[in-house]
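The residues making up each chain are set out below.
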Amino acid sequence: MRAVRLTAWGRGRPTLADVEPPAPRGREVLVRVEAAGLCQSDVHVLDAAAGALPYQPPFTLGHEVAGHVEALGPDADRTVTGERVVVYGPWGCGRCDRCAAGRDNYCDRRAGLGWHGIGLGLDGGMAEYVLVPSIRHLVPIGELAADQAAPLSDAALTSYHAIAGLRQVLGEGSAVVVIGVGGLGHLAVQVLRATTPSRVLALDVREAALTLAHRSGAHSATLVRADTGRRLREATGGRGVDAVLDFVGGKASLELATASLRPGGELVVVGSGGGHLTVRKPGLLPPGFRLSLPFWGTRPELAEVVALARAGALHVETEQFPLSAAEEAFELLRNGAMRGRAVLVPDP
Ligand code: ZN
Ligand code: ZN
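Heads up: these notes are all about the structure in this document. Small disclaimer: the values here were computed from a predicted structure and weren't measured. (Residues numbered from 1 in each chain as written. Chains lettered and ligands numbered in written order. Predicted model: local features only at pLDDT ≥ 70, side-chain atom pairs only at ≥ 80, totals over all residues. Heavy atoms only, no water.)

Attention now goes to the sheet that holds strand β13 (residues 220–223). The strand order across the open sheet built from 6 strands is β13-β12-β11-β14-β15-β16, with neighbouring strands paired in parallel fashion. Only two strands of the sheet have a single neighbouring strand rather than two, namely β13 and β16 (290–292). Averaged over all pairs of adjacent strands, the angle between their axes in this sheet comes to 20 degrees, without regard to strand direction. Across 4 bridges, strand β11 (residues 175–179) lies against strand β14 (residues 241–246) in parallel orientation. (Pairing = 2+ DSSP bridges. Helix = DSSP H or I, 4+ residues; strand = E, 2+ residues; numbered from the N terminus. Axes fitted to C-alpha atoms, helices over the stretch in contact; angles between N-to-C directions.)

Attention shifts here to the nonpolar core. Ranked by internal contacts, the top residues of the largest apolar core, which has 88 residues, are Met126, Leu138, Leu152, Leu245 and Leu344. Among the elements that line this core, the one with the most residues is helix α4 (residues 155–164), at 6 residues. Apart from the residues lying within four places of it in its own chain, the contact partners of Leu152 are Leu144, Leu157, Leu302, Val305, Val306, Ala309, Leu314 and Val316. Core analysis: the next-biggest nonpolar cluster, separate from the first, contains 16 residues, Val177, Leu232, Leu261 and Val269 among them. (Core = buried A, V, L, I, M, F, W, Y, C linked by side-chain atoms within 4.5 Å. Buried < 20%, exposed > 50% of the residue type's maximum accessible area, 1.4 Å probe, protein only. Contact = heavy atoms within 4.5 Å.)

With that settled, the discussion passes to the packing of helix α1 (residues 40–47) against helix α10 (residues 326–334). Between α1 and α10, the shortest axis-to-axis distance is 10 Å and the interhelical angle comes to 100 degrees. With respect to their mutual orientation, α1 and α10 come out roughly perpendicular. Every residue of α10 that contacts α1 at Gln40, Asp42, Val43, Leu46 and Asp47 is listed here: Phe330, Leu333 and Arg334. In terms of residue class, the contact of α1 with α10 is built from 4 nonpolar, 1 polar and 3 charged. (Parallel < 35°, antiparallel > 145°, perpendicular 65-115°, else oblique. Nonpolar A, V, L, I, M, F, W, Y, C, P; charged D, E, K, R; others polar.)

Here we take up α1. Among all positions of α1, only Asp42, Val43, Val45 and Leu46 are buried. Projection of α1 onto a plane perpendicular to its axis shows the buried side chains occupying an angular sector of 160 degrees, all on one side. On the buried face of α1, the contacting elements are β1 (2–6), β3 (29–37), β4 (59–60) and α10. (Arc of directions from axis to C-beta.)

This paragraph deals with the side chain of Glu266. Here Glu266 shows up in strand β15 (residues 261–269). Among the polar contacts listed, one links the side chain of Glu266 to the side chain of Arg290, at a separation of 3.1 Å. If we skip the residues at most four places from it in the chain, Glu266 touches Gly165, Leu166, Gln168, Val169, Asp242, Ala243, Val244, Leu261 and Arg290. (Polar contact = N/O pair within 3.5 Å; in protein donor to acceptor, adjacent residues only side chain to side chain.)

The terminal C-alpha atoms of helix α9 (residues 299–310) lie 17 Å apart, and with 12 residues this matches the ideal 16 Å at 1.5 Å per residue to within 8%. Of the positions making up α9, those classed as buried are Arg299, Glu301, Leu302, Val305, Val306, Leu308 and Ala309. Taken end-on, α9 shows its buried residues confined to a sector of 165 degrees, consistent with a single buried face. Check the buried side of α9 and you find it contacts β6 (84–87), α2 (97–100), β10 (138–140), α4 and α5 (185–195). One or two steps after α9, the chain reaches Gly312, where phi turns positive at roughly 90 degrees. (Expected span 1.5 Å × (residues − 1).)

The subject of this paragraph is the environment of Gln320. Residue placement: Gln320 occurs in strand β17 (residues 318–322). Residues Gln320 and Val343, spaced 23 residues apart in sequence, show a C-alpha to C-alpha distance of 4.9 Å. Leave out the neighbours within four places in its chain, and Gln320 touches Asp147, Val343 and Val345. A polar contact of 3.3 Å, which involves the side chain of Gln320, links it to the side chain of Asp147.

Protein coordination of the zinc ion (ligand 2) is provided by Cys93 (SG), Cys96 (SG), Cys99 (SG) and Cys107 (SG), with donor distances spanning 2.3 to 2.4 Å. Viewed at the metal, the 4 donor atoms of the zinc ion (ligand 2) are separated by angles of 102 to 117 degrees, and the geometry they form is tetrahedral. Along the chain, the residues that donate to the zinc ion (ligand 2) are spaced as C-x2-C-x2-C-x7-C. Of the two residues, Cys93 is situated in the loop between β6 and α2 and Cys107 in the loop between α2 and β7 (117–118); the sequence distance between them amounts to 14 residues. According to the relative accessible area criterion, Cys93 is buried, its value standing at 15%. With relative accessibility at 6%, the residue Cys107 sits in the buried group. (Donors = N, O, S within 2.8 Å, 3.2 Å for Na, K, Ca; no water. Tetrahedral: all angles 85-135°; square planar, octahedral: opposite > 155°, others 65-115°.)

In structure tokens:
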């Protein structure tokens, strides 16, 4: 079968290879892939120098996967036979209490695993088939379109998990800023609108992203400028915003975020843009400032995200490419030319 693989560190591009289709053993499940999303973190993986990540190439990329249960290992639970599913991606050790509770994203043995999940150190879904270790990683999607379902498992789930930690500050009359309205950010806007009464203020440096923000339900969408922090204060009667979701995580976005928050405000850093904050008391951070660094999301949250999508509350903006055009799709993503989420689908 065809597979989009990382074959060596530092190449900056994937390899389209022919590999043996896997056969499920033990409790494994074989999923025939209908769609696999492309993520900015795939670009980071392709660009990484040897030693920067704990993975051992070669492996197949693709950590946002939707498909159809094709075959089961002899010891697998048979209840999912024939189901269409989305794959919960951040596979952990499967034995610690975090994993037992479906919180593999915070697996206690994460540091020693050598992978971060499907397509991140282990074979992923940018292929015709993918092996999943257990049915506990599968969430049924019913009739949801595959290109809509695949990005739920990271772009939507990561956003949902980041927002879940903010519920107590995002009540009636609150305001929240979303910095970066790309694959994740446009879903964060939709999740905020669907699950909180908060006023959603979207920011980006790209004009096209503002259109996407408006279409996703943002109350306002503006280009980042030198005076954006001041304007955000004005827009909240001078007090500042209750929370900021930073999907960029760079120096400028972190500075903007901390300058915009009101006392007791919450900053959630999702993007890995290499910026850093200095914590000092007293200092420039607002009093009562709280920070979180969420990673991906939990399995129960993925089920909630799928339910939201099936109820029509989430619409993923996607651009579809055949698996054989993966390299072109990666180039567009790398150059910031992708609107919403790129999704690979099987070749016709
Ligand atoms: Zn990702
Ligand atoms: Zn674990």
